[in-house]
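# Secondary and tertiary structure notes
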Amino acid sequence: MIAMAALALGLLGDNIRSSRSPDLHRACARLAGLDINYELVVPRDMGVGFDAAFRRCVARLRGFNVTLPYKERAASEVRIDDPLIRQLGAVNTVTVTPAGPVGANTDFTGFLAAYRQAFPGQPPGAVVMFGAGGVGRAIAFALVRLGVGIGQGRQAEGHLSILGIVLHQAQGGDRRLTLADGVVGHQGRQIGEGQLNP
């Protein structure tokens, strides 16, 4: 019997030295009967920037997870097959293939799968989201895939306003929006701030 080499995987990010991700992945691999090596790749600790660390991952690993603050930067370095994940502009999983690295976003696909399993065939109702961080943004795009119209309120921070514009366009919005449009609702309807804030 020929022994198979351990599958080389990893996690690329900053401030991850205390991450339990290696333990989780090793435990899951054991349950699946796989032998893996799972390394933490921290550019700052290596004395290199993102680009060099990313190239190292692609050269040495079969696949790797990406976390803060590199999800958006990684998206520009990979092929992304799903158009909504391309518009989302962030990947947290990279598979290294003979044709190059391919990116995915498991926050997006995981939410879709969980919703469809929990509520088979049921369209989502109205959704109000507060926050537009990495996971929130991915879930907002998943809700678009499920057919939800996303509204957004004017915020001092740019993230939510920009997210609203991108989501409107992802939904096939009938015109190009700018930050000056302020508040966007389902199918381009204007929503007053009082409708979103009690």
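Residues numbered from 1 in each chain as written. Predicted model: local features only at pLDDT ≥ 70, side-chain atom pairs only at ≥ 80, totals over all residues. Heavy atoms only, no water.

### Thoughts on the overall build of the protein
When its secondary structure is counted, the protein shows 9 helices and 5 strands. Split into buried and exposed, the 198 residues of the protein put 38% on the buried side. Taken as a whole, the protein presents about 11,500 Å² of accessible surface, with 55% of it coming from carbon and sulfur. (Helix = DSSP H or I, 4+ residues; strand = E, 2+ residues; numbered from the N terminus. Buried < 20%, exposed > 50% of the residue type's maximum accessible area, 1.4 Å probe, protein only. Areas by Shrake-Rupley, 256 points an atom, 1.4 Å probe, with all protein chains shown as cover.)

### Side note on helix α1 (residues 21-31)
The set of residues buried in α1 consists of S21, P22 and A29. Considered in projection along α1, the buried side chains sweep an arc of 100° and stay on one side of the axis. Exposed residues pointing more than 90 degrees away from the buried face of α1 are listed as L24, R30 and L31. Against the buried residues of α1 lie β1 (7-12), β2 (36-41) and β3 (63-66). Looking one or two residues beyond α1, the residue adopting positive phi is G33, at roughly 75°. (Arc of directions from axis to C-beta. Contact = heavy atoms within 4.5 Å.)

### Regarding the confidence of the model for the protein
Per-chain confidence: the protein averages 79 in pLDDT, with 71% of residues scoring 70 or above. Low pLDDT, under 50, characterises residues 152-160; the stretch is placed with 21 contacts to residues that sit more than four places away or in other chains. (pLDDT = per-residue confidence, 0-100.)

### Description of the nonpolar core
Formed by 31 residues in total, the largest nonpolar core has its most connected members in L12, F54, F64, V91, V94 and F108. Elements with a contribution of two residues or more to this core: α3 (50-60), β3, α4 (71-75), α5 (83-88), β4 (93-97), α6 (106-118) and α7 (134-145). The element contributing the most residues to this core is α7, with 5 residues. Those residues in contact with V91 that lie beyond four places of it in its chain are V66, K71, A74, A75, V78, I80, I85, G103, A104 and N105. In this structure, L9, I16, A29 and I36 belong to the second largest nonpolar core, which totals 8 residues. (Core = buried A, V, L, I, M, F, W, Y, C linked by side-chain atoms within 4.5 Å.)

### Considering the packing of aromatic side chains
Within this structure, the stated rule accounts for 4 aromatic pairs. Between the aromatic rings of F50 and Y70, the centroid separation amounts to 5.2 Å while the plane-to-plane angle is 25°, which identifies the pairing as stacked. Here Y70 lies in the loop between β3 and α4 and F50 lies in helix α3, a separation of 20 residues in the sequence. For F50, a relative accessible area of 3% puts it in the buried group. Within the aromatic cluster, the residues linked to one another by ring pairs are F50, F54, F64 and Y70. (Phe/Tyr/Trp six-rings, centres within 6.5 Å; stacked < 30°, edge-to-face > 60°.)

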